[in-house]
Amino acid sequence: MTTPSSDANAMSVTSTPAYDPSLHPEIYREVRRRRVLAWLIDVMIILALVLVFAVVVFFLGLLTLGLGWSLFAILGPAVAILYAGATSGGKGGTLGMRAMGLRLRMAYGGVPDFWLGCAHAILFWVSSTILPILSLVPPLIDRRKRMLHDMVRGMVMVDERAG
């Protein structure tokens, strides 16, 4: 967050990061553990949604004489990305995150929109697939306990109950 200088003649702006761990350490307590549990909840929800949409795609394939079945190739990733965008964007967290009392925020304090939620999910899956160790090391050393994809997107995961 930026706050104007108290001097009326000065044109400088003082920058204070939102969710500063040195000012508010309580908003980062237990974030790693609850984030893993939130991910497990989200995986279960996504699997249930994929099953529902798989039935829809199956019947769509019957109606299109097999052409609709090509959607099975993108079904899982499409459902996961749309789920993350719809639940993270504007709401500040997926259903799993909210169930665990976590909120996804931009580092400056704002709430991500639908497209940032989608981008966050894509970066998570790419970084976890291509660089799994590199993706999991930053939360162990970062004061804000951010994963690699959080750092790239400029986001933080905070405890809503502490703030």
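No experiment lies behind these values; they were computed from the predicted model shown.

Novice: I'm lost on the packing of aromatic side chains in this one. Help?
Specialist: For any pair of aromatic rings, geometry is given as the distance between the ring centres together with the angle between the planes. For the coordinates displayed, the defined rule picks out four aromatic pairs. Geometrically, the ring pair formed by F114 and W115 is edge-to-face, given 4.9 Å between the ring centres and 85° between the ring planes. Plain terms: the ring middles of F124 and W125 are 4.9 Å apart, the flat faces sit at 75° to each other, and that makes the pair edge-to-face. A residue is classified by how much of its surface remains accessible, and F124, at 17% relative accessible area, is buried.

Novice: Any chance you could explain the pairing of strand β4 (residues 155–159) here in plain terms?
Specialist: Working note: regular strand, side chains alternate between the two faces of the sheet. Most of β4 is tucked away, with five of its five residues classed as buried. As judged from the five bridges shared by strand β3 (residues 102–106) and β4, these two strands associate in the antiparallel manner. Residue pairing in the sheet places R103 in a bridge with V158 of β4.

Novice: Explain the confidence of the model for the chain to me, please; I cannot follow it from the model alone.
Specialist: Parts of the prediction with low pLDDT should not have their coordinates interpreted in detail. For the chain, per-residue confidence averages 86 on the pLDDT scale, and residues scoring 70 or more make up 89% of the total. Across residues 1–14, where pLDDT falls below 50, the model places twelve contacts with residues more than four positions away in sequence or in other chains.

Novice: I keep staring at the nonpolar core and nothing clicks. Help me out?
Specialist: One broad rule of soluble globular proteins: the nonpolar side chains tend to lie buried together. One finds V31, A38, M97, M100, L102, L104, M106, L116, M155 and M157 forming the largest nonpolar core, which totals ten residues. Looking at which element gives the most residues to this core, the answer is β3, with three residues. Contact partners of A38, with chain neighbours within four places excluded, come to G96, M97 and M100. Within the second largest apolar cluster, eight residues are counted, among which are A54, V57, L75 and Y83.

Novice: Please clarify how the packing of helix α1 (residues 31–63) against helix α2 (residues 75–88) should be interpreted in this entry.
Specialist: In a packed pair of helices, the relevant descriptors are the angle between the two axes and the axis-to-axis distance. Where α1 meets α2, the axes come as close as 9 Å, and the angle between the chain directions of the two elements is 125°. One finds that α1 runs oblique with respect to α2. Considering how the two elements wind past one another, α1 and α2 form a crossing that is right-handed. Two secondary-structure elements touch here, α1 through D42, I45, I46, L49, V50, F53, A54 and V57 and α2 through L75, G76, V79, A80 and Y83. By residue class, the composition of the contact of α1 with α2 is eleven nonpolar, one polar and one charged.

Conventions and cut-offs
- Residues numbered from 1 in each chain as written.
- Predicted model: local features only at pLDDT ≥ 70, side-chain atom pairs only at ≥ 80, totals over all residues.
- Heavy atoms only, no water.
- Phe/Tyr/Trp six-rings, centres within 6.5 Å; stacked < 30°, edge-to-face > 60°.
- Buried < 20%, exposed > 50% of the residue type's maximum accessible area, 1.4 Å probe, protein only.
- Helix = DSSP H or I, 4+ residues; strand = E, 2+ residues; numbered from the N terminus.
- Pairing = 2+ DSSP bridges.
- pLDDT = per-residue confidence, 0-100.
- Contact = heavy atoms within 4.5 Å.
- Core = buried A, V, L, I, M, F, W, Y, C linked by side-chain atoms within 4.5 Å.
- Axes fitted to C-alpha atoms, helices over the stretch in contact; angles between N-to-C directions.
- Parallel < 35°, antiparallel > 145°, perpendicular 65-115°, else oblique.
- Left-handed = near helix turned anticlockwise from the far one by under 90°.
- Nonpolar A, V, L, I, M, F, W, Y, C, P; charged D, E, K, R; others polar.

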